[in-house]
Amino acid sequence: MKPLKIIASILVLLIGLTYCGGGGSGTEGQKPETSPRKEHQIRSYNLKVQKEQAKKRRPCDAIALKEYVLNNYPEGTYLVEFDKTYTYSLPKPAVLDYKTGGGHYVFAVIAKSKKGERFIETKNIVGYESSFINLDSTKLGTAFFYLTCFKCSKDNKFNKVWEAEVPIHGGFNSMTIKRWKAKNILYVDLDFEDGIISGHRDFNYFLINGIEKKPHLLETYVGIAHKRTLANVNDDKFPDYYEYRFADTVTYVKIIDSIPFYWDTLKHLYVTKVSRRWWRKY
């Protein structure tokens, strides 16, 4: 009789585990990466804690922008953070303020989750390791980056001026406001680490027609056998670049040529006189 009792006990236990442990009865929907309601609750709680712990607040600060993104963007949209400078340093939100006589502007890097996939996690799209995302078909979700410009109103509210897509899915490192000395034009440089080329890529957004007009994108990069540098090829208001060709052998890597590309205002492409077949979108 004892063996029968043991078998019966095991069967009861297995049935209980089946009903309690899931069999697809809704536990999957409670995960933040797949449940909009759960994800919203967690982010709202984190924001509440950040507000309580903040010693000093300023108009249209990062905490206010996080709250704006949470309440005004689709689920799975996040304010991205800079890559950590040191192992134990706290990451800072990718937000830069720019104040002029015309007002207070805020540049921010925002990432949106691809529809139909699980929500992204910002830690999976920042830093060197995430720069290999284009080679790895994972289940971590796909991020679409956007450089977004907001204007801070007198009543400390955000007004979105424009957003420009960043053509990459991972490896974000930092953001800097710079000035192109050749034409004295302001631009925002988004730096992405790139393990594939053993270097980094910079997506440069030039404010050619002023801060409130959508910017012009030009990409530069540096790697072991890859290089593209900012230049002034045809002396117009649009930035240009030199694209370098390398001799890459087992024993050495060296530059063998540099090709000037300039912006064609009719084709809306970067072209070169070296060959009509060579063109680039940015």
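A brief report on the enclosed structure follows. (Residues numbered from 1 in each chain as written. Predicted model: local features only at pLDDT ≥ 70, side-chain atom pairs only at ≥ 80, totals over all residues. Heavy atoms only, no water.)

**Description of the pairing of strand β12 (residues 253–264)**
With eight bridges connecting them, strand β11 (residues 240–248) and β12 associate as antiparallel partners. Note that in β12 the partner of Phe 246 across the bridge is Ile 255. Counting the residues between successive antiparallel strands, the hairpin from β11 to β12 contains four residues. Where β12 meets strand β13 (residues 269–271), three bridges bridge the pair, whose relative direction is antiparallel. Its bridge partner being in β13, Trp 263 is matched across the sheet by Tyr 270. The hairpin turn running from β12 into β13, its antiparallel successor, is four residues long, and His 268 in that turn takes a positive phi close to 55°. (Pairing = 2+ DSSP bridges. Helix = DSSP H or I, 4+ residues; strand = E, 2+ residues; numbered from the N terminus.)

**Quick word on the pattern of salt bridges**
According to the stated counting rule, one finds 15 salt bridges in the structure shown. As a salt-bridge pair, Arg 201 and Asp 194 come within 2.6 Å of each other at their nearest N and O atoms. Salt bridges here are not isolated pairs; linked through shared partners, they connect Lys 112, Lys 160 and Glu 163. (Salt bridge = Lys/Arg side-chain N within 4 Å of Asp/Glu carboxyl O.)

**Quick look at the sheet that holds strand β6 (residues 172–180)**
Ordered by their spatial adjacency, nine strands build an open sheet running β6-β7-β8-β9-β10-β11-β12-β13-β14, and the pairing between neighbours is antiparallel. Both edges of this open sheet fall to β6 and β14 (279–280), since each of them pairs with a single strand only. With eight bridges joining them, strand β7 (residues 185–194) and strand β8 (residues 199–206) adopt antiparallel strand pairing. Looking at β8, one finds that Tyr 187 is bridged to Phe 206.

**Looking at the pairing of β8**
Between β7 and β8, which pair antiparallel and follow one another directly, the connecting turn spans four residues, one of which, Ser 198, has a positive phi of 55°. With seven bridges connecting them, β8 and strand β9 (residues 216–222) associate as antiparallel partners. Residue pairing across strands places Phe 206 opposite His 216, the latter belonging to β9.

**Notes on the layout of surface pockets**
Counted as a void, the second largest pocket has a volume near 280 Å³. In this structure, the second largest pocket is lined by 15 residues; those nearest its centre are Ala 62, Ile 63, Lys 66, Lys 92 and Pro 93. Looking at the lining of the second largest pocket, the elements with two or more residues in it are α3 (62–72) and β2 (95–100). Looking at the lining of the second largest pocket element by element, the count peaks at three residues for α3. (1 Å grid on protein atoms, 1.4 Å probe; cavity = no way out; pocket = protein on both sides within 12 Å on 5 of 7 lines; lining within 4 Å. Points joined across faces, edges and corners; volume = space filled by probe spheres on them.)

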